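Structure at a glance
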Amino acid sequence: MLANFTSRALRVGAAVFAALVAVPLCIAGLAFATPASAGERQPFRFDDMLDLASVVDAQASPKGEAVVITVKAYDPKEKTWGTHLEIVRPGQRLRLTASAAGEHSADWSPDGQQVAFLSSRDGETAIYAIPINGGEATKLVDLPVGGTALRWIPDGSGFIFAAKVFEACGADFACTKKKQDEKKDSGVTALVYDDLLMRPWSFWRDGRVQHVFRYRLATKAFDDLTPGDADVPPLAF
(Lines give C-alpha, C1' and ligand atoms only; values in the text may rest on other atoms or scores of the structure.)
Protein backbone atom coordinates (compact mmCIF):
# COMPACT_ATOMS: atom_id res chain seq x y z
CA MET A 1 0.00 0.00 0.00
CA LEU A 2 2.79 2.44 0.88
CA ALA A 3 4.47 1.61 -2.42
CA ASN A 4 1.28 2.54 -4.27
CA PHE A 5 1.11 5.89 -2.47
CA THR A 6 4.78 6.60 -3.23
CA SER A 7 4.30 5.73 -6.89
CA ARG A 8 1.29 8.00 -7.12
CA ALA A 9 3.15 10.84 -5.43
CA LEU A 10 5.98 10.59 -7.95
CA ARG A 11 3.54 10.37 -10.85
CA VAL A 12 1.46 13.38 -9.96
CA GLY A 13 4.17 15.57 -8.43
CA ALA A 14 5.31 16.91 -11.78
CA ALA A 15 1.70 17.44 -12.84
CA VAL A 16 1.00 19.54 -9.75
CA PHE A 17 4.00 21.75 -10.40
CA ALA A 18 3.24 22.14 -14.10
CA ALA A 19 -0.41 22.95 -13.51
CA LEU A 20 0.28 25.54 -10.84
CA VAL A 21 2.87 27.23 -13.00
CA ALA A 22 0.95 27.09 -16.28
CA VAL A 23 -2.50 28.05 -15.01
CA PRO A 24 -2.81 31.80 -14.36
CA LEU A 25 -3.86 31.73 -10.71
CA CYS A 26 -4.98 35.26 -9.98
CA ILE A 27 -5.42 34.67 -6.25
CA ALA A 28 -2.37 36.55 -5.08
CA GLY A 29 -2.92 39.33 -7.60
CA LEU A 30 -6.45 40.20 -6.57
CA ALA A 31 -5.25 42.81 -4.11
CA PHE A 32 -3.64 44.75 -6.94
CA ALA A 33 -6.48 44.42 -9.45
CA THR A 34 -7.78 47.98 -8.90
CA PRO A 35 -6.45 50.14 -11.73
CA ALA A 36 -4.50 53.26 -10.83
CA SER A 37 -3.94 56.35 -12.93
CA ALA A 38 -0.77 56.55 -14.98
CA GLY A 39 2.25 57.17 -12.81
CA GLU A 40 0.28 56.80 -9.56
CA ARG A 41 1.95 54.69 -6.90
CA GLN A 42 0.01 53.01 -4.11
CA PRO A 43 1.62 52.19 -0.74
CA PHE A 44 1.28 48.61 0.40
CA ARG A 45 -1.05 48.76 3.40
CA PHE A 46 -2.01 46.27 6.11
CA ASP A 47 -5.43 45.84 4.47
CA ASP A 48 -3.68 44.94 1.22
CA MET A 49 -1.83 42.17 3.01
CA LEU A 50 -5.13 40.79 4.34
CA ASP A 51 -6.48 40.78 0.77
CA LEU A 52 -3.76 38.38 -0.32
CA ALA A 53 -5.07 34.82 -0.49
CA SER A 54 -2.65 31.90 -0.62
CA VAL A 55 -2.62 28.32 -1.88
CA VAL A 56 -1.76 26.12 1.10
CA ASP A 57 -2.20 22.72 -0.57
CA ALA A 58 -2.50 21.28 -4.09
CA GLN A 59 -3.32 17.78 -5.30
CA ALA A 60 -3.27 16.70 -8.94
CA SER A 61 -6.05 14.58 -10.41
CA PRO A 62 -5.24 10.95 -11.30
CA LYS A 63 -4.75 11.85 -14.98
CA GLY A 64 -2.97 15.11 -14.20
CA GLU A 65 -5.40 17.34 -16.13
CA ALA A 66 -6.61 19.31 -13.10
CA VAL A 67 -5.56 20.31 -9.59
CA VAL A 68 -7.64 20.72 -6.45
CA ILE A 69 -6.23 23.56 -4.34
CA THR A 70 -6.91 24.63 -0.78
CA VAL A 71 -7.11 28.43 -0.65
CA LYS A 72 -6.62 30.37 2.58
CA ALA A 73 -8.21 33.84 2.62
CA TYR A 74 -9.29 36.50 5.12
CA ASP A 75 -12.98 37.27 5.65
CA PRO A 76 -13.26 40.97 6.62
CA LYS A 77 -16.87 40.58 7.80
CA GLU A 78 -16.14 37.71 10.18
CA LYS A 79 -12.60 38.96 10.86
CA THR A 80 -11.22 35.45 10.57
CA TRP A 81 -9.12 33.39 8.19
CA GLY A 82 -10.86 30.58 6.36
CA THR A 83 -10.18 27.95 3.71
CA HIS A 84 -12.09 26.69 0.68
CA LEU A 85 -11.46 24.30 -2.20
CA GLU A 86 -11.15 25.07 -5.91
CA ILE A 87 -10.64 22.93 -9.00
CA VAL A 88 -8.08 24.46 -11.36
CA ARG A 89 -7.76 23.55 -15.04
CA PRO A 90 -5.92 25.42 -17.80
CA GLY A 91 -7.82 28.69 -18.14
CA GLN A 92 -10.53 27.71 -15.65
CA ARG A 93 -11.16 27.86 -11.90
CA LEU A 94 -14.20 26.39 -10.16
CA ARG A 95 -14.90 27.00 -6.49
CA LEU A 96 -16.12 23.76 -4.90
CA THR A 97 -16.85 24.74 -1.29
CA ALA A 98 -17.92 27.80 0.68
CA SER A 99 -18.78 26.72 4.24
CA ALA A 100 -17.89 28.98 7.14
CA ALA A 101 -16.06 26.11 8.85
CA GLY A 102 -13.66 25.69 5.93
CA GLU A 103 -12.17 22.58 4.35
CA HIS A 104 -8.74 20.98 4.19
CA SER A 105 -6.84 17.78 3.33
CA ALA A 106 -8.49 17.42 -0.08
CA ASP A 107 -7.76 14.40 -2.30
CA TRP A 108 -9.12 12.95 -5.55
CA SER A 109 -11.09 9.73 -5.85
CA PRO A 110 -9.23 7.10 -7.92
CA ASP A 111 -11.63 7.61 -10.85
CA GLY A 112 -11.14 11.39 -10.72
CA GLN A 113 -14.88 12.12 -10.37
CA GLN A 114 -14.98 13.22 -6.73
CA VAL A 115 -12.88 15.10 -4.21
CA ALA A 116 -12.80 14.02 -0.56
CA PHE A 117 -11.93 16.47 2.21
CA LEU A 118 -12.11 17.09 5.95
CA SER A 119 -14.37 19.72 7.47
CA SER A 120 -16.20 20.53 10.71
CA ARG A 121 -19.12 22.21 8.91
CA ASP A 122 -21.65 20.14 10.90
CA GLY A 123 -20.02 20.66 14.28
CA GLU A 124 -17.29 18.02 14.42
CA THR A 125 -14.70 16.90 11.91
CA ALA A 126 -15.92 14.47 9.26
CA ILE A 127 -14.89 13.06 5.87
CA TYR A 128 -16.90 14.48 2.98
CA ALA A 129 -16.96 13.88 -0.77
CA ILE A 130 -18.13 16.26 -3.50
CA PRO A 131 -18.47 15.89 -7.30
CA ILE A 132 -15.71 17.67 -9.20
CA ASN A 133 -18.24 19.75 -11.18
CA GLY A 134 -19.81 21.14 -8.02
CA GLY A 135 -22.92 20.33 -6.04
CA GLU A 136 -23.65 19.27 -2.49
CA ALA A 137 -21.01 17.50 -0.42
CA THR A 138 -21.92 14.14 1.13
CA LYS A 139 -20.77 13.26 4.64
CA LEU A 140 -19.14 9.81 4.67
CA VAL A 141 -18.14 9.39 8.31
CA ASP A 142 -17.62 11.45 11.48
CA LEU A 143 -14.18 11.78 13.04
CA PRO A 144 -14.92 12.85 16.64
CA VAL A 145 -11.22 13.32 17.45
CA GLY A 146 -10.45 15.32 14.30
CA GLY A 147 -8.00 14.39 11.59
CA THR A 148 -5.57 15.56 8.96
CA ALA A 149 -3.65 14.39 5.87
CA LEU A 150 -6.63 12.61 4.30
CA ARG A 151 -5.84 10.37 1.32
CA TRP A 152 -8.11 8.16 -0.77
CA ILE A 153 -6.88 4.55 -0.96
CA PRO A 154 -5.89 3.86 -4.61
CA ASP A 155 -8.42 1.03 -5.03
CA GLY A 156 -11.24 3.28 -3.77
CA SER A 157 -12.02 1.05 -0.78
CA GLY A 158 -11.55 3.75 1.84
CA PHE A 159 -9.27 6.41 3.24
CA ILE A 160 -6.00 6.91 5.09
CA PHE A 161 -5.67 9.80 7.54
CA ALA A 162 -3.83 10.88 10.67
CA ALA A 163 -5.40 11.67 14.05
CA LYS A 164 -4.33 12.19 17.65
CA VAL A 165 -5.53 9.53 20.10
CA PHE A 166 -4.61 8.08 23.47
CA GLU A 167 -2.44 5.00 22.97
CA ALA A 168 -4.74 2.71 24.93
CA CYS A 169 -7.73 3.79 22.84
CA GLY A 170 -6.28 3.19 19.39
CA ALA A 171 -9.01 3.20 16.73
CA ASP A 172 -11.75 3.54 19.37
CA PHE A 173 -12.31 7.26 18.85
CA ALA A 174 -15.17 7.33 21.36
CA CYS A 175 -12.63 6.26 24.00
CA THR A 176 -10.31 9.17 23.23
CA LYS A 177 -13.24 11.61 23.10
CA LYS A 178 -14.49 10.36 26.50
CA LYS A 179 -11.07 10.86 28.09
CA GLN A 180 -10.86 14.39 26.66
CA ASP A 181 -14.35 15.26 27.94
CA GLU A 182 -13.61 13.86 31.39
CA LYS A 183 -10.45 15.93 31.61
CA LYS A 184 -12.29 19.06 30.51
CA ASP A 185 -15.14 18.50 32.97
CA SER A 186 -12.71 17.96 35.85
CA GLY A 187 -11.60 21.58 35.68
CA VAL A 188 -7.96 20.56 36.13
CA THR A 189 -5.65 22.27 33.63
CA ALA A 190 -2.27 21.35 35.16
CA LEU A 191 -0.03 18.99 33.16
CA VAL A 192 2.84 16.87 34.48
CA TYR A 193 5.71 15.82 32.18
CA ASP A 194 8.44 13.28 32.77
CA ASP A 195 10.08 13.48 29.33
CA LEU A 196 11.07 16.07 26.76
CA LEU A 197 9.16 17.51 23.81
CA MET A 198 6.54 18.97 26.12
CA ARG A 199 5.54 21.75 23.72
CA PRO A 200 6.36 21.10 20.05
CA TRP A 201 5.69 24.26 18.05
CA SER A 202 2.47 25.90 19.32
CA PHE A 203 0.74 23.27 21.47
CA TRP A 204 1.29 21.43 24.73
CA ARG A 205 1.41 17.64 24.67
CA ASP A 206 -1.63 16.20 26.46
CA GLY A 207 -0.87 12.48 26.44
CA ARG A 208 -2.18 11.78 22.94
CA VAL A 209 -0.05 10.51 20.06
CA GLN A 210 -0.59 10.90 16.35
CA HIS A 211 -1.37 7.64 14.53
CA VAL A 212 -2.22 6.76 10.95
CA PHE A 213 -5.66 5.18 10.46
CA ARG A 214 -7.54 3.42 7.68
CA TYR A 215 -11.29 3.76 7.19
CA ARG A 216 -12.94 1.02 5.13
CA LEU A 217 -16.09 2.09 3.30
CA ALA A 218 -17.49 -1.44 2.95
CA THR A 219 -17.34 -2.33 6.64
CA LYS A 220 -17.42 1.22 8.07
CA ALA A 221 -14.53 0.17 10.31
CA PHE A 222 -11.39 1.99 11.43
CA ASP A 223 -7.96 0.34 11.74
CA ASP A 224 -5.00 1.78 13.67
CA LEU A 225 -2.09 1.16 11.30
CA THR A 226 0.61 2.52 13.63
CA PRO A 227 -0.23 1.45 17.21
CA GLY A 228 2.14 2.28 20.04
CA ASP A 229 3.39 5.17 22.14
CA ALA A 230 4.88 7.16 19.27
CA ASP A 231 3.85 9.84 16.80
CA VAL A 232 3.62 8.85 13.14
CA PRO A 233 5.14 10.64 11.42
CA PRO A 234 7.51 11.83 14.21
CA LEU A 235 6.88 15.44 15.27
CA ALA A 236 9.58 17.89 14.23
CA PHE A 237 10.95 20.21 16.90
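1. Concerning the nonpolar core
Core analysis: the largest hydrophobic core is formed by 16 residues, its most contacted members being Ile-127, Leu-143, Leu-150, Phe-159, Phe-161, Phe-173 and Phe-213. Elements supplying a minimum of two residues to this core: β6 (114-119), β7 (126-131), β9 (148-152), β10 (158-166) and β11 (208-216). Here the element with the most residues in this core is β10; it accounts for four residues. If we ignore the near neighbours within four places in the chain, the residues touching Phe-213 are Phe-159, Ile-160, Phe-161, Ala-163, Val-165, Gly-170, Ala-171, Phe-173, Asp-223, Asp-224 and Leu-225.

2. Structural notes on the packing of aromatic side chains
In the structure shown here, the tally under the stated rule is ten aromatic pairs. With a centroid separation of 6.1 Å and an interplanar angle of 85°, the aromatic rings of Phe-161 and Phe-222 are classed as edge-to-face. In this pair, Phe-161 is assigned in strand β10 and Phe-222 in strand β12 (residues 221-224), connecting sequence segments 61 residues apart. Put simply, the rings of Phe-161, Phe-173, Phe-213, Tyr-215 and Phe-222 pair up and form one aromatic cluster.

3. Regarding the pairing of strand β5 (residues 104-108)
Remember that side chains alternate between the two faces of the sheet whenever the strand is regular. Within β5, four of the five residues are buried, which leaves the element mostly enclosed by the surrounding structure. Where β5 meets β6, three bridges bridge the pair, whose relative direction is antiparallel. Considered in β6, the bridge of Trp-108 is made with Val-115. From the end of β5 to the start of β6, which pair antiparallel, there are five residues, and Gly-112 there has a positive phi angle of about 75°.

4. Side note on the state of the cysteines
Going through the model one piece at a time under the given rule, you end up with one disulfide. Note on cysteine connectivity: Cys-169 is disulfide-linked to Cys-175, with sulfurs 2.1 Å apart. Here the disulfide of Cys-169 and Cys-175 is left-handed, its torsion about the S-S bond being about -50°. Take Cys-169: its relative accessible area is 7%, and that puts it in the buried class.

5. Some thoughts on the confidence of the model for the chain
Mean pLDDT over the chain: 85, with 83% of residues reaching 70 or higher. The low-confidence segment residues 2-35, where pLDDT is below 50, has 45 contacts with residues more than four positions distant or belonging to other chains.

Rules of the game
All chains use their own residue numbering, which begins from 1 and follows the written sequence. This being a predicted model, a pLDDT of at least 70 is required before a residue's local features are given, and a value of 80 or more before pairs of side-chain atoms are given or counted; all residues contribute to the totals for chains, interfaces and linings. Only hydrogens and water are removed before side-chain values are computed, so all heavy atoms of the structure are retained for them. Working definition of a nonpolar core: buried Ala, Val, Leu, Ile, Met, Phe, Trp, Tyr and Cys residues. They are joined through side-chain atoms within 4.5 Å. Between buried and exposed lies partly exposed: a residue is buried under 20% and exposed over 50% of the maximum accessible area for its type, with that area taken using a 1.4 Å probe on protein chains only. Numbering goes from the N terminus for both helices and strands, where a helix is a DSSP run of H or I of at least four residues and a strand is a run of E of at least two. Only heavy atoms matter for contacts: two residues are in contact if any of them lie within 4.5 Å across the pair. Pairing of aromatic side chains here covers Phe, Tyr and the six-membered ring of Trp, requires ring centres within 6.5 Å, and sorts the geometry by plane angle: under 30 degrees stacked, over 60 edge-to-face, intermediate tilted. Here, a strand pair is defined by DSSP locating no fewer than two bridges between the strands. In plain terms, two cysteine sulfur atoms within 2.5 Å form what is called a disulfide here. pLDDT gives the predictor's per-residue confidence on a scale running from 0 to 100.

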